[in-house]
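# Descriptive analysis of the structure
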Amino acid sequence: MGIEGGPKFNPEEQDPPTPKTETEKVKNIKPETKKAGGIIRNFLDTRSQRKKQEKVRFQEGQWGDYDSEFWHFAGFFAECLPEEYKHKGWEEGLKSYIENTLSREETTDQREKSKLTAVEFGGPGSKFFRGFSNGFFEKTIGVCLVDIRGENLKNEDSSLNHYVVAGNILGADTNETLNEVKTMLDTTKVDLIVSRMQGALKGMDMNLLDDAVRQWYALLNENGVMFIQYNWASSSDKREDNVAAKCIEMIKGKYPQLDVQLGRGVMRLHKKLDDPEQLPENAHFFVQNPDQNI
Ligand SMILES: C[S@@+](CC[C@H](N)C(=O)[O-])C[C@H]1O[C@@H](n2cnc3c(N)ncnc32)[C@H](O)[C@@H]1O
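Since the model is a prediction, treat every value here as computed from it, not as a measurement.

## A few points about the overall build of the protein
Across its full length, the protein carries 10 helices and seven strands. Counting the 294 residues in the protein, one finds 41% classified as buried. Within the protein, contacts between residues separated by at least 24 positions form 65% of all contacts whose residues are at least 6 apart in sequence. Accessible surface for the protein amounts to roughly 16,500 Å². Of this, 50% is attributable to carbon and sulfur atoms.

As C-alpha cells, this is what we get:
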C-alpha cells in the first residue's frame, strides 16, 4: 500500500498530513474548523449588513428636504409645464395639468384608465400625493432607500391607499424594485411618475439616472406623464440642461410629436398614444454621448 502515490490518508485513523502550500492549507482545513469559519463569516457579514442598513436609515432621516409638500414639487416643476398652465400659480398649475391630462379619454385600455396609479421614485411621497383631488389616484407609491415612517403615518397613508416600497431605483437592483412596485400596484403600467431627489442627485452617476428614466418611460401608461429632476443645482449649472436639450432634439428628429419639455434641471414628458412604447436605448438625457445618433 502506498508505494505508487505515497501514503494514503484514512480520516478515521489519523490526522491529515501537514499541507505544504497555501492552497493545500485551505483545502485541508478540518470540516469543523471550516464550519466555524463559515459561521463567523456569516455573523460578520450579517453584522456589516446591519451596520450599513443602520447607516442608510440614519441618513434617510438627515435629508434637508424629505417627504416634501406638494407645493415644493409644484414650484420645482413649474418651468416645464405647458404654457397654459404656467400662469395658474404653482400648485394649481401642476395639479390641474396632471389631473386634466390623465383624465382625457385617450387611453385604449379602459380598465387601466379607470384605475389611475402614480409613483414617486426617490422619496416616500406621503405628503406629495395628498396634493391631488381626493381619490384621483386609485393607489400611489413612494420608493426610497428605507421606510422611516412612524406607525401613525403608515396607517394614515394606508387609509389613503398610499404605500412605501423600500428599494434601490438605480443600478443592478432596479428590476427587483420595479417588480415590487408593479406587484403592489397590481398593474404593469403607471400613469404618473415623479422624481425629485434633490441632494441625493449630488455626485450621482448620471448614467444610472439615464437608465432609470428609460425604464420609467417604458413603465408609463398610454397618456401617462412623468416629471424628473436631474440637476439639484440647476440655477447655477446649465451644462446638464444643454446635454438634455441635445438629446431631446435628437429624439424629436425621429419622433417629432413627442411632448417633452425642459425647465432648469427638470424635465416633463407626456407619453401620448402615437408615441413609442420605449425610448431609444441610446437616448442619454444626462450624460454627454458624442456617438449619440438616434
Ligand atoms: C433629499 S431626499 C428627497 C425626498 C423627496 N423626493 C422630497 O422631495 O422631499 C432624497 C431621497 O432619495 C432617495 N434615494 C436616493 N438614492 C436612491 C436610490 N438609489 N434608490 C431609491 N431611493 C433613493 C432617498 O431614499 C431619499 O428618500
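## Notes on the site of the ligand
By nearness alone, 20 residues border the ligand, and Glu60, Ser68, Glu120, Asn168 and Arg196 come closest of all. Within the side chain of Ser68, one N or O atom sits 2.6 Å away from an oxygen atom of the ligand. In isolation the ligand offers 590 Å² of accessible surface; the protein chains occlude 95% of this area. Here the shell around the ligand is composed, by residue class, of nine nonpolar, six polar and five charged.

## Brief notes about a nonpolar patch on the surface
On the surface, Ile40, Phe43 and Leu44 cluster together into a nonpolar patch covering about 300 Å² of accessible area. Position of Leu44 among the secondary structure elements: in helix H2 (residues 31–60). The exposure class of Leu44 is partly exposed, given its relative accessible area of 42%.

## Let's talk about the packing of aromatic side chains
This structure, assessed with the given rule, holds 16 aromatic pairs. Relative to Phe227, the ring of Phe77 has its centre 5.3 Å away and its plane inclined at 55 degrees; by these criteria the two rings are tilted. In this pair, Phe77 sits in helix H3 (residues 70–77) while Phe227 sits in strand E5 (residues 220–229), placing the two residues 150 residues apart along the sequence. By relative accessible area, which is 1% here, Phe77 ends up buried. Look at Phe227 and you get buried, because its relative accessible area is 0%. A connected cluster of aromatic rings, assembled from ring pairs, spans Phe70, Phe73, Phe128, Phe129, Phe132, Phe136 and Phe137.

## Considerations on the layout of surface pockets
Estimates place the volume of the largest pocket at around 430 Å³. Lining the largest pocket are 27 residues, and of these Trp63, Gly122, Gly123, Met197 and Ala200 sit closest to its centre. Taken together, the residues of the lining of the largest pocket break down into 13 nonpolar, nine polar and five charged. Reported here for the second largest pocket is a volume of approximately 230 Å³. Lining of the second largest pocket is provided by 17 residues; of these, Phe129, Arg130, Asn134, Gly135 and Leu160 occupy positions nearest its centre. Secondary-structure elements contributing two or more residues to the lining of the second largest pocket are strand E2 (139–144) and helix H7 (151–159).

## Overview of the pairing of strand E7 (residues 266–271)
Within E7, six of the six residues are buried, which leaves the element mostly enclosed by the surrounding structure. A two-sided burial pattern is seen for E7, the buried positions comprising Val266, Arg268 and His270 on one face and Met267, Leu269 and Lys271 on the other. The sheet contact formed by E5 and E7 spans six bridges and is antiparallel. Each bridged residue has a counterpart across the sheet, and for Val225 the counterpart in E7 is His270.

Procedures and definitions
Residues numbered from 1 in each chain as written. Predicted model: local features only at pLDDT ≥ 70, side-chain atom pairs only at ≥ 80, totals over all residues. Heavy atoms only, no water. Helix = DSSP H or I, 4+ residues; strand = E, 2+ residues; numbered from the N terminus. Buried < 20%, exposed > 50% of the residue type's maximum accessible area, 1.4 Å probe, protein only. Contact = heavy atoms within 4.5 Å. Areas by Shrake-Rupley, 256 points an atom, 1.4 Å probe, with all protein chains shown as cover. Near = heavy atom within 4 Å. Polar contact = N/O pair within 3.5 Å; in protein donor to acceptor, adjacent residues only side chain to side chain. Nonpolar A, V, L, I, M, F, W, Y, C, P; charged D, E, K, R; others polar. Patch = residues over 30% accessible without salt bridge, like charges linked within 9 Å, V, L, I, M, F, W, Y side chains within 5 Å. Salt bridge = Lys/Arg side-chain N within 4 Å of Asp/Glu carboxyl O. Phe/Tyr/Trp six-rings, centres within 6.5 Å; stacked < 30°, edge-to-face > 60°. 1 Å grid on protein atoms, 1.4 Å probe; cavity = no way out; pocket = protein on both sides within 12 Å on 5 of 7 lines; lining within 4 Å. Points joined across faces, edges and corners; volume = space filled by probe spheres on them. Pairing = 2+ DSSP bridges.

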